[in-house]
Amino acid sequence: MRRYRLSDAAQADVIDILAWTHEQFGEAARLRHERLIVAALRDVVTQPDRPGSIARPELGAGVRSWHLRLSRGAVGTSAGTVRRPRHFLIYRFEPALLVVGRVLHDAMELARHLDPDSSWK
């Protein structure tokens, strides 16, 4: 499997998403979201240009997005599923490394939350 790295901003996004989910819906919902995020990361690391991913040239060279709903099938259903996932992974593939720049809600204007220069650190 290829290696991946979450930028500082993406790490903060995941922490915020999981904390908010836990606060609003409880531990079981947070765990479902956590499993879905991990499955989405596995999906894009395995095949960054997989069907369903979208090239985002307006966000920078080689940038793509992947909606978490597309990874729902990769998560076991024994603990339940996230019914309506609302987040995107914003990522790009660098030599031998997939970098996730942000994990953003699908209602956000992506370009406003992704600084091409600093979002990848």
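Residues numbered from 1 in each chain as written. Predicted model: local features only at pLDDT ≥ 70, side-chain atom pairs only at ≥ 80, totals over all residues. Heavy atoms only, no water.

*Asks:* Before we move on, could you go through the pattern of salt bridges and cite the residues and values that matter?
*Replies:* Overall, the coordinates contain six salt bridges when judged by the stated rule. Across the pair Arg 30 and Glu 34 runs a salt bridge, and its minimum N-O distance is 2.9 Å. Of this pair, Arg 30 and Glu 34 both sit in helix 2 (residues 27-46), four residues apart, which is roughly one turn of the helix. A salt bridge links Arg 86 to Asp 106, with the shortest nitrogen-to-oxygen separation between them at 2.7 Å. (Salt bridge = Lys/Arg side-chain N within 4 Å of Asp/Glu carboxyl O. Helix = DSSP H or I, 4+ residues; strand = E, 2+ residues; numbered from the N terminus.)

*Asks:* Any chance you could break down empty space enclosed by the protein for me, citing the residues and the numbers?
*Replies:* This structure, assessed with the given rule, holds one cavity of 30 Å³ or more. Of the pockets and cavities examined, the largest cavity occupies roughly 50 Å³. Looking at the largest cavity, the residues that line it are Arg 32, Leu 36, Arg 72, Val 75, Gly 80, Thr 81 and Val 82. When grouped by side-chain class, the residues that make up the lining of the largest cavity number three nonpolar, two polar and two charged. (1 Å grid on protein atoms, 1.4 Å probe; cavity = no way out; pocket = protein on both sides within 12 Å on 5 of 7 lines; lining within 4 Å. Points joined across faces, edges and corners; volume = space filled by probe spheres on them. Nonpolar A, V, L, I, M, F, W, Y, C, P; charged D, E, K, R; others polar.)

*Asks:* Got a sec to walk through helix 2? Specific residues and values, please.
*Replies:* Here helix 2 contains 20 residues, and its C-alpha end-to-end distance of 29 Å stays within 8% of the 28 Å for a straight helix at 1.5 Å per residue. Of all the positions in helix 2, only Ala 29, Arg 30, His 33, Leu 36, Ile 37, Ala 39, Ala 40, Leu 41, Asp 43, Val 44 and Val 45 are classed as buried. Contacts made by the buried residues of helix 2 are with strand 1 (3-6), helix 1 (8-25), strand 3 (63-67), strand 4 (87-94) and strand 5 (97-105). (Expected span 1.5 Å × (residues − 1). Buried < 20%, exposed > 50% of the residue type's maximum accessible area, 1.4 Å probe, protein only. Contact = heavy atoms within 4.5 Å.)

*Asks:* Describe the packing of helix 1 against helix 2, naming the residues involved and giving the relevant values.
*Replies:* Viewed as axis vectors pointing N to C, helix 1 and helix 2 meet at an angle of 150°, and their least axial separation amounts to 7 Å. Between helix 1 and helix 2, the crossing angle belongs to the class labelled roughly antiparallel. The interaxial crossing formed by helix 1 with helix 2 has right-handed handedness. Residues Val 14, Ile 17, Leu 18, Thr 21, His 22 and Phe 25 of helix 1 form the contact with helix 2, whose participating residues are Glu 27, Ala 29, Arg 30, His 33, Glu 34 and Ile 37. Along the lines of polarity and charge, the residues of the contact of helix 1 with helix 2 split into six nonpolar, three polar and three charged. (Axes fitted to C-alpha atoms, helices over the stretch in contact; angles between N-to-C directions. Parallel < 35°, antiparallel > 145°, perpendicular 65-115°, else oblique. Left-handed = near helix turned anticlockwise from the far one by under 90°.)

*Asks:* Outline the sheet that holds strand 3, listing residues and values.
*Replies:* Spatially, the five strands line up as an open sheet ordered 1-5-4-3-2, and their pairing is mixed. Each edge of the open sheet is held by one strand with a lone partner, namely strand 1 and strand 2 (54-55). Direction of pairing for strand 1 relative to strand 5: parallel, over a ladder of four bridges. Within strand 5, the position partnered with Leu 6 by the bridge is Val 100. Helix-sheet contacts for helix 1 involve strand 1, strand 4 and strand 5, and the interaxial angle to strand 5 is about 45°. This element, helix 2, spans strand 1, strand 3, strand 4 and strand 5 of the sheet and lies at about 30° to strand 4. (Pairing = 2+ DSSP bridges.)

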